[in-house]
Amino acid sequence: MEGWWQSLFAVGRGQCFSLEGGRRWRRNNIPVISLQQPWVGSMGDLLLEVQWVVGLSLVFERGFRALVGWYLWSCRWFRKRSSEVQSISQPELHSDQKKQPAKPSQHKKSHAKPHSHASDKDHNKKHHPLDVNTLKGHADLVDGLCFSPDGRSLATACADGIIRVFKLDDALSKSFKFLKISTPVGGPPVAVSFSDDASSLVVASQNLTGASLYMYGGVEKPKVSNESGQPAKVPLPEIKWEQHKIHEKLGILTLFGTKASYGTADGSAIIASCSEGTDIIIWHGKTGKNLGHVDTNQLKNNMAAISPNGRFIAAAAFTADVKVWEIVYSKDGSVKEVTKAMQLKGHKSAVTWLCFNPDSEQIITASKDGSIRIWNINVRYHMDEDPKTLKVFPIPLSGSSPHYDRLSLSPDGKILAATHGSTLQWLCVETGKVLETADKAHDDFITCIAWGPQVIPMGDKKVFILATASVDKKVKLWVAPSLDAS
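Residues numbered from 1 in each chain as written. Predicted model: local features only at pLDDT ≥ 70, side-chain atom pairs only at ≥ 80, totals over all residues. Heavy atoms only, no water.

Turning our eyes to something else, we now look at unusual backbone geometry. A positive phi angle, close to 50 degrees, is found at Asn 297, a residue other than glycine. Mapped onto the elements of the fold, Asn 297 is located in the loop between β17 (290-295) and β18 (301-306). The phi dihedral of Leu 299 falls on the positive side, at around 70 degrees, and the residue is not glycine. Of note, Leu 299 is situated in the loop between β17 and β18. (Helix = DSSP H or I, 4+ residues; strand = E, 2+ residues; numbered from the N terminus.)

Before going further, it helps to spend a moment on the packing of aromatic side chains. Taken as a whole and judged by the stated rule, the model has two aromatic pairs. Ring geometry for Phe 166 against Phe 178: centres 5.0 Å apart, planes inclined by 40 degrees, an arrangement best described as tilted. With a gap of twelve residues between them, Phe 166 in strand β8 (residues 162-167) and Phe 178 in strand β9 (residues 178-182) connect regions that are remote in the sequence. Of the residues examined, Phe 178 reaches a relative accessible area of 36% and is grouped as partly exposed. (Phe/Tyr/Trp six-rings, centres within 6.5 Å; stacked < 30°, edge-to-face > 60°. Buried < 20%, exposed > 50% of the residue type's maximum accessible area, 1.4 Å probe, protein only.)

We now examine the sheet that holds strand β6 (residues 142-147). Strands sit in the order β6-β7-β8-β9 across an open sheet of four strands; the sheet is antiparallel. Every interior strand has two partners, whereas the edge strands, β6 and β9, have only one. Taken over all neighbouring pairs, the strand axes of this sheet differ in orientation by 20 degrees on average, direction set aside. As judged from the five bridges shared by β8 and β9, these two strands associate in the antiparallel manner. Within β9, the residue paired with Arg 164 across the bridge is Lys 180. (Pairing = 2+ DSSP bridges. Axes fitted to C-alpha atoms, helices over the stretch in contact; angles between N-to-C directions.)

The next subject is the pattern of salt bridges. Considering all chains together, one arrives at seven salt bridges under this definition. Between Asp 160 and Arg 164 there is a salt bridge, with its nearest N and O atoms 2.8 Å apart. Overall, the relative accessible area of 25% leaves Asp 160 in the partly exposed class. Given the relative accessible area of 3%, Arg 164 is considered buried. Where Glu 385 meets Lys 388, a salt bridge forms, and the shortest distance between an N and an O atom there is 3.1 Å. (Salt bridge = Lys/Arg side-chain N within 4 Å of Asp/Glu carboxyl O.)

Looking now at the sheet that holds strand β30 (residues 446-451). Sheet architecture is open: four strands sit in the order β5-β34-β33-β30, paired in antiparallel fashion. Of all strands in the sheet, those with a lone pairing partner are β5 (131-135) and β30, marking the two edges. Averaged over all neighbouring strand pairs, the angle between strand axes comes to 20 degrees, with direction disregarded. As judged from the four bridges shared by β5 and strand β34 (residues 475-479), these two strands associate in the antiparallel manner. Within the sheet, the bridge partner assigned to Thr 134 lies in β34 and is Lys 476.

Written as structure tokens, this is what we have:
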């Protein structure tokens, strides 16, 4: 085996490499054992020597790998400990604080910004002085609302499919108790109206097949207790009557109710439902009986209202004229018929909304012609006496075609609340002057407004309250402005 002194045997991972030149090689960054000396011996001795070299190479490789691994782990551990010690000793060097500028000296005034929580954002918004409270909890837009006859309950119709009846014990309350009524599956509620009292509620819903009416009884929870003094379990409101497809497949625009007190009326609650077509139907609040219907023959209705005493029905429609019908009662107090009474002519464009005054002798109309008119309807129309225009006021809004979307008259007949988009205004009925304006009363379009029929507590006093509903999922309570502003 002489002459092998120039040969190189490199052994690594159980393999033997023969390289010339006696260079030291690396395989996978691991040194390889090399023989760089002349070989003298037999082939058997050579095999024994090779086995010894292979074993030594494996031992060396594994040991070297273990040594390198321990070294790398030690470096990582020391770096981690070093960073922990640094963060404990210098807490002001956190990443989120390094970017902040240095704090001003203590003698300078603080300019710290308030927290950016949602509740704080609402609190920091400009608060209108007449805005007294907000009824929250609605999960979708609120289409309708209505006060109970005593003014202590407020029902809302929400597109989330739930009717909520709030108890208004104090307008300044931080939280209001309310009753939730889930409407039948298939159509969300679009309008509400109390029937005989605060315990009966008529709900209008809409689906693809048409509009329906439901009357719920037991809406107001009675204050009862059992023998132990604890409040007894109160049954949930139940449906007393229901009517379906009342306007064929058309939807309901408005739902107004009142207690009939004119002439020989028996004092029963009557409800007027106005469709988006041309028909209006009168319903008996307690039984759900159809008492009569009228057709406006004016292409398309905008809304319809019933007078507080239950005598008249008036409709605002596509045309500039307002039609008025009289509900005639029989001697036994029931509804006998509905006849055409008069027509209000004077506007030059479509009437968007109307409302009666508390004594049912006047009607206030708002038109797209930019005017408000107050009409006297206490006339002998049977003798062809025409209704008279008492006052005409310009609508105090800017724009090329100013008009109001909704109207509601205060129970004392002195203040007219009107809306346009998200703007809310209070006007003096006597002079037509603007008492107050809330340019951004809601964050979106105002869908419904109504005055409470009675004063309710607000702290240590009692006031009239106006409620507004909107697409922004909120219902707000407003106190009436002072008439001194006019």
